[in-house]
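Given next are the chains, with one letter for each unit.
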Amino acid sequence: MNILAPVLGLAACFAAIMLLAQIRPGIGFAWLLSVFTSLAITIFYVFLRWRLPSTLVIDNWLPGAIPGIPLAFQLDYISWSYSFGFVVLLFAVILTSSVRLQNQSSPFSLAGSIGIVAIGLLAIQAVNPISLIVCWAILDLVELTIEVSLGERKALVNQAIVAYAFRTGGVLLAILAVLYSRNQGILLTLTSIPPQAAFILVVSVGLRLGVIPLHLPFIQESQNRRGLGDVLRMASPLSSFVLLARLPAGVVSQDVTQYIVLIAAWAAIYASARWLAAEDELVGRPFWLISFASLAVVCAIQGDPGASRAWGTVMLTSGSVLFLFPARQGKLWLIPGMGLLSMSGLPFSPAASGWYGIYKPGWSWYHLAFLVSHSMLMTGYLRHILRKGESMSHLERWIHVVYPIGLSLMVLAGWVLGVLGWEGSFRPGVWWAGVSSVLLFLMISLLIWLFQREKPENNISLLWVRVAFIRLSGFLGRLFSLNWLFRVFQIFYSGVERLIQAITVILEGDGGVIWALIMLALFISLLRSFGS
């Protein structure tokens, strides 16, 4: 019941908002109902922290389903961390939406956020592959429906289809892991994953996160970039991060590990550089997700999957407080500034325990790669904090109170997870890695400040560097967005369509009967040749 109660509460709130939208158009009552529902569920998850673990098993969940394979969900220390962060994100989204009430009067975005969180909680707490696969499939289909319905341009629809195709590929790989385990006579559960299927699941998660292979389908964003957009972009990665944290140590061989680390290091460096150079935090959001996904994947394959939780929770909490920060006035920058401190990796910060999964005994080239990537993430974070935002002077006084509370909740959730999230979350980490990354962050920030003081248009060498970087990043962005792959498939299917139309014209023409007889004779001769 502890698992089902929040989901049912969110479902009831979703239904009530949809009903209110039909009876009484407007967002006022829907917003108040969302606030009280999300507050109650957040408090309930705080209470559940000391009631772990909790299990829910649903037998006979589908007519004709295979006997002995129920839907199973479990709220333990792994899933609680992500579940708590996700419901706090919903609460923060609803509170910070107060600054957007004048521009966004539709309650459907609130209902969409609540529905996505309800499905996402089940995906996060899924404890057997069938449950996870079902939740993944539903989550992907809902996200595709929302993206296609909100797509103002054809490019947005195309990238939504490409993202859905890659995530469906991850679902199919998870199904392959289940079938492989059954063929070996092994019962696959997410609490005890056999090594034979673990590698397939790693590739499945990497595919869904955009790391293996590196692809960035959501480079362009729709009009609902904040609020509903934040929930949409976080739901699928969180359900994949939980699976990474459950993988057994030594999931892949040492030889394969080197190749995966190489791919992850390249993804982290490229994505963090694009995050640093992004026009704003929402444009850079896909790169933010890819960077932390790379760090989490490396932790999992290097034998410390628990360390991936530090990167996953920091990705959620520190990232969300920045993505929900459109109005910037006075000292409000101090709130995301605390988010920057939580992701710094300094001893006893929320991200500190994540270094244990990255830095193992010995030194390798990728240690420097991930160090540089992390420092660029912090530099980009600071740059986006200091960017000019919307004014709050025209907003009502109560919004000046509610909006900072919503931002502060995400920062507070990050520190709560860093201290009480799981056993071993509050640790010094690899102290020299955190200190080195912060020093490198300060150096990069200083160089950028000096670069901005020296106007590029007055310095030919700086102008050349800037133009080269813009062109290179633009090319790589087009390459990894994989929109070109969509166009290739479109050309292929167009060619097949024209071929079918040509054959149809021939068969329906005056000589159609003769051509049909010729094709029949050819078919019979082929059958005889195969028979002989």
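Up top is the structure.
Quick caveat, the model's predicted, so the values are computed rather than measured.

J.: Go over the overall build of the protein chain, please, and point to the residues and values.
T.: A count of helices and strands for the protein chain gives 19 helices and 2 strands. Residues classed as buried in the protein chain amount to 54% of the 532 residues present. Within the protein chain, contacts between residues separated by at least 24 positions form 82% of all contacts whose residues are at least 6 apart in sequence. Accessible surface for the protein chain amounts to roughly 24200 Å². Of this, 70% is attributable to carbon and sulfur atoms.

J.: For the packing of helix 3 (residues 77-96) against helix 4 (residues 108-125), give the residues involved together with the corresponding values.
T.: Following both chains from N to C, one finds helix 3 and helix 4 inclined at 175 degrees, their axes separated by 10 Å at the closest point. When the axes of helix 3 and helix 4 are compared, the pair comes out roughly antiparallel. The segment helix 3 lies against helix 4, with Ser79, Tyr82, Ser83, Phe86, Val87, Leu90, Val93 and Ile94 engaging Leu110, Ser113, Ile114, Ile116, Val117, Gly120, Leu121, Ile124 and Gln125. Tallied by class, the residues present in the contact of helix 3 with helix 4 amount to 12 nonpolar, 5 polar and no charged.

J.: Kindly report on the packing of helix 3 against helix 8 (residues 228-246), identifying the contributing residues and their values.
T.: In contact at an axis separation of 10 Å, helix 3 and helix 8 are set at 170 degrees when each is read in the N-to-C sense. Taken together, the axes of helix 3 and helix 8 lie roughly antiparallel to each other. On helix 8, the residues touching Ile78, Ser79, Tyr82, Phe86, Leu89 and Val93 of helix 3 are Asp230, Val231, Met234, Ala235, Leu238, Phe241, Val242, Ala245 and Arg246. By residue class, the composition of the contact of helix 3 with helix 8 is 12 nonpolar, 1 polar and 2 charged.

J.: Which residues make up the packing of aromatic side chains, and what values do they have?
T.: One pass over the structure, following the stated rule, counts 16 aromatic pairs. Where tryptophan 275 meets tryptophan 288, the ring centres are 4.9 Å apart and the plane angle is 50 degrees; that geometry is what we call tilted. In this pair, tryptophan 275 is assigned in helix 9 (residues 254-277) and tryptophan 288 in helix 10 (residues 285-301), connecting sequence segments 13 residues apart. Each member of the pair, tryptophan 275 as well as tryptophan 288, is classed as buried. When the ring of tryptophan 275 is compared with that of phenylalanine 323, the centres are 6.3 Å apart and the planes differ by 85 degrees; the resulting orientation is edge-to-face. Highlighted residues: tryptophan 275 in helix 9 and phenylalanine 323 in helix 11 (residues 308-323), separated in sequence by 48 residues.

J.: So what's going on with the pairing of strand 2 (residues 71-75)? Residues and values would help.
T.: Here strand 2 lies mainly inside the structure; 5 of its 5 residues are buried. Side chains Leu71, Phe73 and Leu75 of strand 2 all project onto a buried face; the interleaved residues Ala72 and Gln74 project onto the opposite face, where all are buried too. Relative to strand 2, strand 1 (residues 54-58) runs antiparallel, the two being bridged by 5 bridges. If you follow serine 54 over to strand 2, its bridge partner there is leucine 75.

J.: Please set out the environment of asparagine 128 residue by residue, giving values where relevant.
T.: Within the secondary structure layout, asparagine 128 lies in the loop between helix 4 and helix 5 (129-150). Spatially, the C-alpha atoms of asparagine 128 and isoleucine 69 are 8.8 Å apart, while their sequence positions differ by 59 residues. Polar contacts involving the side chain of asparagine 128 include one to the side chain of serine 131, which spans 2.3 Å.

J.: Explain unusual backbone geometry residue by residue, including any values.
T.: Here the bond from leucine 52 into proline 53 is cis, since omega is -5 degrees, no more than 30 degrees from zero. Assignment of secondary structure puts proline 53 in the loop between helix 2 (28-48) and strand 1. Of note, the phi angle at phenylalanine 348 is positive, near 70 degrees, even though the residue is not glycine. Examined against the element boundaries, phenylalanine 348 turns out to sit in the loop between helix 12 (334-342) and helix 13 (355-358).

J.: Lay out the pattern of salt bridges in plain terms, naming residues and giving numbers.
T.: By the definition in use, this model includes 6 salt bridges. Residue arginine 208 pairs with aspartate 140 through a salt bridge whose shortest N-O separation is 2.8 Å. Residue arginine 208 is found in helix 7 (residues 195-209), and its partner aspartate 140 is found in helix 5; the two are separated by 68 residues along the sequence. For aspartate 140, a relative accessible area of 3% corresponds to the buried category. Residues aspartate 230 and arginine 285 are paired through a salt bridge, measuring 2.5 Å at the closest nitrogen-oxygen approach. Here the residue aspartate 230 occupies a position in helix 8, and arginine 285 occupies one in helix 10, the gap between them amounting to 55 residues.

J.: Can you break down the nonpolar core residue by residue, with the values?
T.: Ranked by internal contacts, the top residues of the largest apolar core, which has 141 residues, are Phe86, Trp288 and Phe370. Among the elements that take part in this core, helix 3 stands out by supplying 14 residues, more than any other. Beyond its immediate sequence surroundings of up to four residues, phenylalanine 86 is in contact with Ile116, Val117, Gly120, Leu121, Ile124, Val231, Met234, Ala235, Leu238 and Leu316.

Reading guide: rules and limits
Residues numbered from 1 in each chain as written. Predicted model: local features only at pLDDT ≥ 70, side-chain atom pairs only at ≥ 80, totals over all residues. Heavy atoms only, no water. Helix = DSSP H or I, 4+ residues; strand = E, 2+ residues; numbered from the N terminus. Buried < 20%, exposed > 50% of the residue type's maximum accessible area, 1.4 Å probe, protein only. Contact = heavy atoms within 4.5 Å. Areas by Shrake-Rupley, 256 points an atom, 1.4 Å probe, with all protein chains shown as cover. Axes fitted to C-alpha atoms, helices over the stretch in contact; angles between N-to-C directions. Parallel < 35°, antiparallel > 145°, perpendicular 65-115°, else oblique. Nonpolar A, V, L, I, M, F, W, Y, C, P; charged D, E, K, R; others polar. Phe/Tyr/Trp six-rings, centres within 6.5 Å; stacked < 30°, edge-to-face > 60°. Pairing = 2+ DSSP bridges. Polar contact = N/O pair within 3.5 Å; in protein donor to acceptor, adjacent residues only side chain to side chain. Salt bridge = Lys/Arg side-chain N within 4 Å of Asp/Glu carboxyl O. Core = buried A, V, L, I, M, F, W, Y, C linked by side-chain atoms within 4.5 Å.

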